[in-house]
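Per-entry structural report
Each chain, letter by letter, is given below.
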Amino acid sequence: MSARKTDKDTKKAKNKDSQLILRLDKAERDAFVELCKEMDTSAAREIRGFIRKFLKKNG
């Protein structure tokens, strides 16, 4: 398996050039991260999905 980035990898990286920092209760954060792991997904992926759906519905 090659470690070299593909055009698709580069395009994805360019699309994600900003961060959103938020504060939440540690217990909620830990429970969310653990549930995401159990569901074979990531917290970041789920939050990005939420933001996209929210924008589509309300934007």
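In case you missed it, the structure is sitting above this.
Residues numbered from 1 in each chain as written. Predicted model: local features only at pLDDT ≥ 70, side-chain atom pairs only at ≥ 80, totals over all residues. Heavy atoms only, no water.

What to know about the pattern of salt bridges
For the structure on display, the rule yields two salt bridges. Taking the shortest distance from any N to any O, the salt bridge between Asp30 and Arg29 comes out at 3.2 Å. Looking at Asp30, the relative accessible area reads 30%, which means it is partly exposed. Judged by relative accessible area, which is 43%, Arg29 ranks as partly exposed. Each of the salt bridges in this network shares a partner with another, and the network as a whole consists of Lys26, Arg29 and Asp30. (Salt bridge = Lys/Arg side-chain N within 4 Å of Asp/Glu carboxyl O. Buried < 20%, exposed > 50% of the residue type's maximum accessible area, 1.4 Å probe, protein only.)

A closer look at unusual backbone geometry
Only a minority of non-glycine residues have a phi that is not negative, and only a minority of peptide bonds are not trans. Positive phi, normally seen in glycine, also occurs at Asp40, with a value near 55°. Counting through the fold element by element, Asp40 comes out in the loop between α2 (26–38) and α3 (43–58). Taking relative accessible area as the criterion, Asp40 reaches 69% and is therefore assigned exposed. (Helix = DSSP H or I, 4+ residues; strand = E, 2+ residues; numbered from the N terminus.)

Observations regarding α2
Between the first and last C-alpha of α2 there are 18 Å, a value that for 13 residues agrees with the 18 Å anticipated at 1.5 Å per step. Among the residues of α2, the N-terminal cap falls to Asp25, whose side-chain oxygen and the backbone nitrogen of Ala27 are separated by 3.0 Å. Phi for Asp40, located one or two positions after α2, is positive at around 55°. (Expected span 1.5 Å × (residues − 1). Polar contact = N/O pair within 3.5 Å; in protein donor to acceptor, adjacent residues only side chain to side chain.)

Some words on the environment of Arg29
Checked against the element boundaries, Arg29 lands in helix α2. Considered as a pair, Arg29 and Ala43 are 14 residues apart in the sequence and their alpha carbons are 9.1 Å apart.

Focus: the packing of α2 against α3
It is the contact of α2 with α3, at a shortest axis distance of 9 Å, that shows an interaxial angle of 100°. Between α2 and α3, the interaxial angle falls into the category roughly perpendicular. Two secondary-structure elements touch here, α2 through Phe32, Val33 and Cys36 and α3 through Ala43, Glu46 and Ile47. For the contact of α2 with α3, the residue count by class is five nonpolar, no polar and one charged. (Axes fitted to C-alpha atoms, helices over the stretch in contact; angles between N-to-C directions. Parallel < 35°, antiparallel > 145°, perpendicular 65-115°, else oblique. Contact = heavy atoms within 4.5 Å. Nonpolar A, V, L, I, M, F, W, Y, C, P; charged D, E, K, R; others polar.)

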